[in-house]
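Here is what each chain is made of, one letter per residue.
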Amino acid sequence: MGNLKVQLGELTLSNPVMTASGTFGYGEEYADFVDINTLGGIVVKGTTLHAREGNAYPRMAETAKGMLNAVGLQNKGVDGFINEIYPRIKNFKTNILVNVSGSTVEEYIETAEKINELDAIPGIELNISCPNVKEGGMAFGTSCPSAIAVANAVRRVYKKHLMVKLSPNVTDITEIAKGVEGAGADSVSLINTLLGMAIDVNSRKPVLSTITGGLSGPCIKPVALRMVWQVAQAVNVPVVGMGGIASTEDAIEFLLAGASAIQIGTANFIDPTITIKVINGIREYLEINQMDDVKQLTGALITR
Amino acid sequence: MKHITDFTVVTNQRETDEFVVLTLQHPGELPSMVPGQFAEVRVDGAENAFLRRPLSIHDVDYSNNTIKLLIQEVGEGTRVLAKLKSGDQLNLVYPLGTGYTLPKSNRVLLVGGGCGVAPLLFLGRHFVENGIRPKFLIGGRTAATLIRLDAYEQLGDVYVTTEDGSAGHKGFVIHHPIMKTETPEFDHIYTCGPDAMMKVLAKYAGSRGITCQVSLENHMACGFGACLCCVTPTVDGHKCTCVDGPVFDSKYLKWEI
Ligand SMILES: Cc1cc2nc3c(=O)[nH]c(=O)nc-3n(C[C@H](O)[C@H](O)[C@H](O)COP(=O)(O)OP(=O)(O)OC[C@H]3O[C@@H](n4cnc5c(N)ncnc54)[C@H](O)[C@@H]3O)c2cc1C
Ligand SMILES: Cc1cc2nc3c(=O)[nH]c(=O)nc-3n(C[C@H](O)[C@H](O)[C@H](O)COP(=O)(O)O)c2cc1C
Ligand code: FES
């Protein structure tokens, strides 16, 4: 049987399938549907230094083969995570990464320092790409100097796996990827949502309370795949690919484009068991193609 | 515990131009459900219905492991569901959410408008099984929009209002004579329907020391607490209508009424 184990720097995943932040809660929400321990890893909801109420309702608009969201990082703050949520999930036998966000570099640092103390959390995903908060968030990830500054600052205080999540809302994503690699990122993940908008023609109002929001789901896959391919060629650290993955074939496309692992987001809402199906599907693909290691797929795109 | 299950359509009964009732067969023993809970239904074969559609559990028959969904056709997703035929498969994630809670007194009024009548049949049956005879107050635009009155009549007294007066009392539910008496004949209101209707009822209940449980229909992406898209403001901040609701005590909500 083919080997599904992959390495992201020091981090070992039992298989390349992870879940995307903000779409998988804290894992518990899916415990009735899938055995969380069989996943390569889960990335929990965006966490900030202080608790946040998030944006006003409506926060969601369905679009063609996708959805817009404007949740705005609603979370209990890092202390709420540590005191209320962490004790409930720390015994999951999978890699639990915390998605860390902030409005200032200091907030990122303080949050990362606190999470560094948690034994059962082997890494963080630094979110410098959230389009749904007024200050900070995406602002850090769309300018090269600020992306480097925040990655640098967090690298100094955070000792475990540092994954940096990139924004697609930029002119050249490879510049930012190279920048955060230079700042000490152990891996990069992409893409976060694409900035979008929807209008209700009957009321002539925007559907979302924030007017604009983040687009996710199958409709963004071609853009995500292109960016993963570009970034994989530009950096040496492992690349974690996501954006619209809803089937085994989608996942394999990202691996071929250069991803070492993938994350599944929005597709979990339609099929809460999709992660397990993709893990099994990758195993079958290896068998059918007589490959003995999933790592052989990473970057195995044939271009001529 | 939440389940993800393929049900088989037993019957698709057309009630009016807008409404159908699907009876769905579960492959084994049904898990127990609470009135007010809902299912997230996958819509196969709809171009533009990408997400699942939340629908209330309309009725449950544990003796033959069937459930019913009452569906109002409002867009592509519900139109596709309304075309299902007997023998078709339908994938449900269920039972979801926090339903209605049983009252402390037996004097209950169940008020529904539009597709909001859906959860009240299961709720009414639940009351009857617990020795409580419910009163129903059902509002519609016209006589033709009132659905399955006979089913509710088997469980309790049914009062009706229509906006054009073509059936029952003319006006909105709040205008019905049973709402006008000095001392109401009920201590608890259970309601599901348009927000405007529920807000009027919450205000009515609040000023008379009556409790009022309302069921919200916020737009949802997941239906089980993973995305935080469906929140409503409460006295404790934003809460998910899919997990902490859809049923809330109206006093818990931050409603401008
Ligand atoms: C907990 C819950 C229980 C529900 N129970 C029932 C039920 O038992 N029977 C029933 O017929 N409907 C019920 N609904 C409403 C139902 O989910 C929507 O009507 C349906 O999702 C619309 O899908 P569509 O593709 O047909 O329409 P769309 O094309 O998606 O939308 C058509 C119109 O309906 C509106 N709409 C879409 N989703 C909702 C929603 N969630 N609530 C209110 N309006 C919406 C849209 O704004 C639009 O104006 C319930 C909703 C919730 C949240
Ligand atoms: C409802 C929702 C909430 C999200 N919240 C976060 C978040 O808190 N932090 C983050 O980095 N990304 C967040 N994302 C982005 C996803 O993690 C992912 O990058 C994006 O949705 C693309 O993948 P997908 O198409 O598979 O969903 C969110 C996405 C959705 C749909
Ligand atoms: S719909 Fe996803 S949290 Fe309620």
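The rules behind these values
- Residues numbered from 1 in each chain as written.
- Chains lettered and ligands numbered in written order.
- Predicted model: local features only at pLDDT ≥ 70, side-chain atom pairs only at ≥ 80, totals over all residues.
- Helix = DSSP H or I, 4+ residues; strand = E, 2+ residues; numbered from the N terminus.
- Rg over C-alpha atoms; globule rule 2.2 N^0.38 Å.
- Buried ≥ 20, exposed ≤ 12 C-beta atoms within 10 Å, placed from the backbone.
- Contact = placed C-beta atoms within 7 Å.
- Nonpolar A, V, L, I, M, F, W, Y, C, P; charged D, E, K, R; others polar.
- Near = placed C-beta within 6 Å.
- Expected span 1.5 Å × (residues − 1).
- Pairing = 2+ DSSP bridges.
- Axes fitted to C-alpha atoms, helices over the stretch in contact; angles between N-to-C directions.
- Domains from an automatic or database assignment.
- UniProt positions renumbered as here; feature names shortened; annotations may be inferred.

### Focus on the overall build of chain A
Looking only at helices and strands, chain A features 9 helices and 16 strands. Computed over the C-alpha atoms, the radius of gyration of chain A is 18 Å, within 12% of the 19 Å expected from 2.2 N^0.38 for a compact globule of 304 residues. By its C-alpha atoms, chain A is 55 × 50 × 40 Å across when sized along the principal axes. Split into buried and exposed, the 304 residues of chain A put 57% on the buried side. Counting only contacts in chain A whose residues sit at least 6 apart along the sequence, the fraction spanning at least 24 positions is 72%.

### Side note on the interface of chain A and chain B
Chain A puts 28 residues into the contact, and the matching count from chain B is 23 residues. Contributing elements (two or more residues each) for the side of chain A that touches chain B: strand E5 (60-63), strand E6 (66-69) and helix H8 (267-270) of chain A. Class assignment for the residues of the side of chain A that touches chain B results in 12 nonpolar, 10 polar and 6 charged.

### Structural notes on the site of ligand 1
All names here are of chain B. Taken together, 21 residues are adjacent to ligand 1, and Ser56, Gly75, Gly77, Thr78 and Ala118 come closest. Secondary-structure elements contributing two or more residues to the shell around ligand 1 are strand E4 (53-56), strand E6 (66-72) and helix H1 (76-82). Broken down by element, the shell around ligand 1 gets its largest block of residues, 4 residues, from E4. Looking at the shell around ligand 1 residue by residue, the class counts come to 11 nonpolar, 7 polar and 3 charged.

### Quick word on the site of ligand 2
Residues in close proximity to ligand 2 total 28 residues, the closest being A:Ala20, A:Gly22, A:Gly46, A:Ser216 and A:Gly265. Near ligand 2, the surrounding residues are drawn from chains A and B.

### What to know about helix H4 (residues 144-157) of chain A
Across its 14 residues, H4(A) extends 21 Å between first and last C-alpha, which sits within 8% of the 20 Å expected from 1.5 Å per residue. Among the residues making up H4(A), those that are buried are A:Ala147, A:Ile148, A:Val150, A:Ala151 and A:Val154.

### Section: the sheet that holds E6(A)
Residue and element names in this part refer to chain A. Taking strand neighbours across the sheet as the criterion, the 4 strands line up as E5-E6-E14-E11 in an open arrangement whose pairing is antiparallel. The sheet terminates laterally at E5 and strand E11 (194-197), the two strands that pair on one side only. Put simply, the sheet's adjacent strands are angled 40 degrees from each other on average, direction ignored.

### Things to note about the domain arrangement of chain B
Residues and elements named next belong to chain B. Taken as a whole, chain B is organised into domain 1 (3-96) and domain 2 (108-215). Listed as interface residues are 12 residues of domain 1 and, on the opposing side, 14 residues of domain 2. Sorting the residues of the side of domain 1 that touches domain 2 by element identifies strand E5 (59-61) and E6 as the ones contributing at least two each. Here the side of domain 1 that touches domain 2 is composed, by residue class, of 5 nonpolar, 5 polar and 2 charged.

### Observations concerning the environment of A:Val239
Residues and elements named next belong to chain A. Along the chain, Val239 falls in strand E15 (residues 239-241). Since 31 C-beta atoms lie within 10 Å of it, Val239 is described here as buried. Each C-alpha atom of the pair Val239 and Asp186 lies 9.4 Å from the other, and the pair is 53 residues apart in sequence.

### Here we look at the UniProt feature "binding site: FAD" (unreviewed entry) in chain B
Residues and elements named next belong to chain B. Within this numbering scheme, the UniProt entry marks Arg53, Pro54, Leu55, Ser56, Leu70, Ile71, Gln72, Gly77 and Thr78 as carrying the feature "binding site: FAD" (unreviewed entry). You can see Ser56 is positioned in strand E4. The buried category is assigned to Ser56, around which 29 C-beta atoms lie within 10 Å. When neighbours within four sequence positions are excluded, Ser56 is seen to be in contact with Phe38, Ala118 and Pro119. In this structure, Gln72 sits in strand E6. Overall, Gln72 belongs to the buried group, with 20 C-beta atoms counted inside 10 Å.

### Re the pairing of E6(B)
All names here are of chain B. In terms of burial, E6 is largely enclosed, as 6 of its 7 residues are buried. Inspection of the sheet shows strand E2 (residues 19-25) paired to E6 by 7 bridges, in the antiparallel sense. Within the sheet, the bridge partner assigned to Leu24 lies in E6 and is Ile67. Bridge count between E5 and E6: 3 bridges; the pairing is antiparallel. The residue bridging Val60 from the neighbouring strand is Ile67, located in E6.

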